[in-house]
2 protein chains.
Amino acid sequence: MPPVHAVLFDAYGTLFDVYSVALLAEQLYPGRGETLARLWRDKQIEYSRLVSMADPAGRRYRPFWDLTRAGLRQACALLGLELPPAHEERLMNQYRHLSAFPENHEVLAQIRALGLPTGILSNGDPAMLEVAVKSAGLQGLLDEVISVEPVRCFKPDPRVYQLGLDAVRRRRPDASAKQVLFVSSNGWDAIGATWFGFTTFWLNRAGLPAEPLGTRPTHEGRSLHELLPLLRGGTGGAA
Amino acid sequence: MPPVHAVLFDAYGTLFDVYSVALLAEQLYPGRGETLARLWRDKQIEYSRLVSMADPAGRRYRPFWDLTRAGLRQACALLGLELPPAHEERLMNQYRHLSAFPENHEVLAQIRALGLPTGILSNGDPAMLEVAVKSAGLQGLLDEVISVEPVRCFKPDPRVYQLGLDAVRRRRPDASAKQVLFVSSNGWDAIGATWFGFTTFWLNRAGLPAEPLGTRPTHEGRSLHELLPLLRGGTGGAA
């Protein structure tokens, strides 16, 4: 691996536990919380792809927050679950304040101790990312919080990954895409970033099979802790 | 509705019953056939979107047949189902020869009796579409079978719908997008075509809730038979 100049993280699912909403969903819909949380996530991601694909100039773009709400409504409708406004607000508020994964703080601090800038590169819009970062107590540990909003499309559109590379180059002008380590728990996001040219780490917490799309992420692991040997090896030139 | 100059149909799910593979899947995996058929379809569609989005120049494009196979493999892997080569070939062969919905023949014949050209506009590649049309006995009822292959992207990329409009204009040079009636059983495809500018009919066989994306298909119905009053009204100028 070439020396890493920066580490960028996907946000939802990678640093923030999107399935932590399942606990509240289970309270509101006993026996259906897990199913609702998964379908909600599926629809949210589906909508982000549809609005991206449907217009390359971004005229169908809607902020991820709006698509998250649309996804919740559709997931409930598909499952035959009533969604009164009070339930919707509670679930959306929970999504706004997702739990962070327990190892985040320590790993982010150790990456910065190696002298590497850290950042988020996310489908989220700036307002929801700001609240999420603060709620998770990560604000002192991230040099950049990059939203797709300026390019009005979503991952895996290469314009999104280019935003991340542009941000890294403001700090490290000579950085190549290969010298950016991009970390995502979403296999498709790790593949999209690999296609773009980033060195990638698929944080495969659940041990899922890789998507058979002909390209594998550069690295794979079950926890963010597994990033550190890669970075120490990379900066020391040994790996 | 302005007078309709042509009727274009989505293929998979609309004219061909993609869930007819569930019967074979159920034989091979008792109790899991329905779940496998749905997840297979979801992954197939997901992969078509990912390869479209990841490169606007089409360098990640792979024929729908290949993505269908990749979707089957991943669906089995996610469900923990073994997929020996003989099972894979039987399921893929079933997908190649999908059942047609029972009303297809009669409705297509009646549309042509109104003097309107008919066509398929599909994510499928030309080889799989040719076999599917023949297997379903529809070859004499379709004036055009249009694959996304020339544009190397998938729906809802507007270049796909433009292919359909271009084909209509070779027969009816003055046709506007609004004068093409596009029929799909996939709500997202009907919305994508509406965004493009087609008049649309969402063939909502299962009575699903509409995707809350701010745009509704022009028309909605439960069977292809419901197309005919629209066309008679449209060509007569009364609707």
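The residue numbers shown here count from 1 along each chain, following its written sequence. Chain labels run from A onward and ligand labels from 1 onward, assigned in the order the entries are written. Note on the predicted model: pLDDT of at least 70 is required for a residue's local features to be given, and 80 or more for side-chain atom pairs to be given and counted; whole-chain, interface and lining totals, by contrast, use all residues. Side-chain measures were taken over the full set of non-hydrogen atoms in the model, leaving aside hydrogen atoms and water.

- An unreviewed UniProt entry annotates chain A as (S)-2-haloacid dehalogenase originating from Caldimonas thermodepolymerans.
- Taken verbatim from the UniProt record of chain A, the Function (unreviewed entry) comment is "Catalyzes the hydrolytic dehalogenation of small (S)-2-haloalkanoic acids to yield the corresponding (R)-2-hydroxyalkanoic acids."
- UniProt positions are given in the numbering used here, feature names are shortened, and annotations may be inferred rather than shown by experiment. If you open the UniProt record of chain A and go to Sequence similarities (unreviewed entry), you find "Belongs to the HAD-like hydrolase superfamily. S-2-haloalkanoic acid dehalogenase family."

1. Re the overall build of chain A
- Across its full length, chain A carries nine helices and eight strands.
- The globule rule is 2.2 Å times the number of residues to the power 0.38, and the radius of gyration it is compared with is taken over C-alpha atoms. In terms of C-alpha radius of gyration, chain A reaches 18 Å, essentially the compact-globule figure of 18 Å for 239 residues.
- Counting only C-alpha atoms, chain A reaches 55 × 40 × 35 Å along its principal axes.
- A sequence separation of at least 24 residues applies to 64% of the contacts in chain A between residues at least 6 apart.
- Summed over all atoms, the accessible surface of chain A reaches about 9,100 Å², with 52% contributed by carbon and sulfur.
- By the counting scheme adopted, Arg and Lys are positive, Glu and Asp are negative, and His together with the chain ends is not counted. Charged side chains are reduced to one point each, which is NZ for Lys, CZ for Arg, CG for Asp and CD for Glu. Of the charged side chains in chain A, 26 are positive and 25 negative, and the gap between their average positions amounts to 3 Å. Only DSSP runs of H or I with at least four residues qualify as helices, and only runs of E with at least two residues qualify as strands; both kinds are numbered from the N terminus onward. Contact criterion: two residues are considered in contact whenever any of their non-hydrogen atoms come within 4.5 Å of each other. Per-residue and other accessible areas follow the Shrake-Rupley method at a 1.4 Å probe size, with only the shown protein chains counted as cover for residues.

2. A few points about the relation of the copies chain B and chain A
- For the least-squares superposition of copies, only C-alpha atoms count, and only for residues with pLDDT at least 70 in both. After a rotation of 180° and a shift along the axis of 0.0 Å, chain B superposes on chain A with an RMSD of 0.0 Å. As the rotation angle and translation indicate, the two copies are arranged about a two-fold axis. Identified as the residue of chain B closest to the rotation axis by C-alpha distance is M53 of chain B, at 3.1 Å.
- Both copies share a contact surface, since 100% of the interface residues of chain B are interface residues in chain A too.

3. Some points on the domain arrangement of chain A
All names here are of chain A.
- Taken domain by domain, chain A consists of domain 1 (6-16 + 99-236) and domain 2 (18-96).
- How far each domain reaches was decided by an automatic or database domain assignment. For domain 1 versus domain 2, the separation of C-alpha centres amounts to 23 Å.
- With 20 residues of domain 1 at the interface, the matching set in domain 2 holds 19 residues.
- Both faces combined, the contact of domain 1 with domain 2 buries some 1,600 Å², and carbon together with sulfur accounts for 58% of it.
- The term salt bridge refers to a pairing of a side-chain nitrogen on Lys or Arg with a carboxyl oxygen on Asp or Glu at a separation within 4 Å. Our enumeration of links across domain 1 and domain 2 arrives at zero salt bridges.
- Whenever a nitrogen or oxygen atom comes within 3.5 Å of another N or O atom, the pair is scored as a polar contact, on the condition that within protein one atom can donate a hydrogen and the other can accept it, and that pairs from neighbouring residues in sequence are kept only if both atoms are in side chains. At the surface where domain 1 touches domain 2, the tally comes to nine residue pairs in polar contact (both at pLDDT 80 or more).
- Sorting elements by how many residues they give to the side of domain 1 that touches domain 2 places helix α6 (residues 126-135) first, with four residues.
- By the convention adopted, Pro, Cys, Tyr, Trp, Phe, Met, Ile, Leu, Val and Ala count as nonpolar, Lys, Arg, Asp and Glu as charged, and the other residues, Gly among them, as polar. Each residue belonging to the side of domain 1 that touches domain 2 can be placed in one class, and the counts come to nine nonpolar, six polar and five charged. Buried area is understood as the total, over both parts, of accessible area removed when two parts are fitted together, assessed with a 1.4 Å probe.

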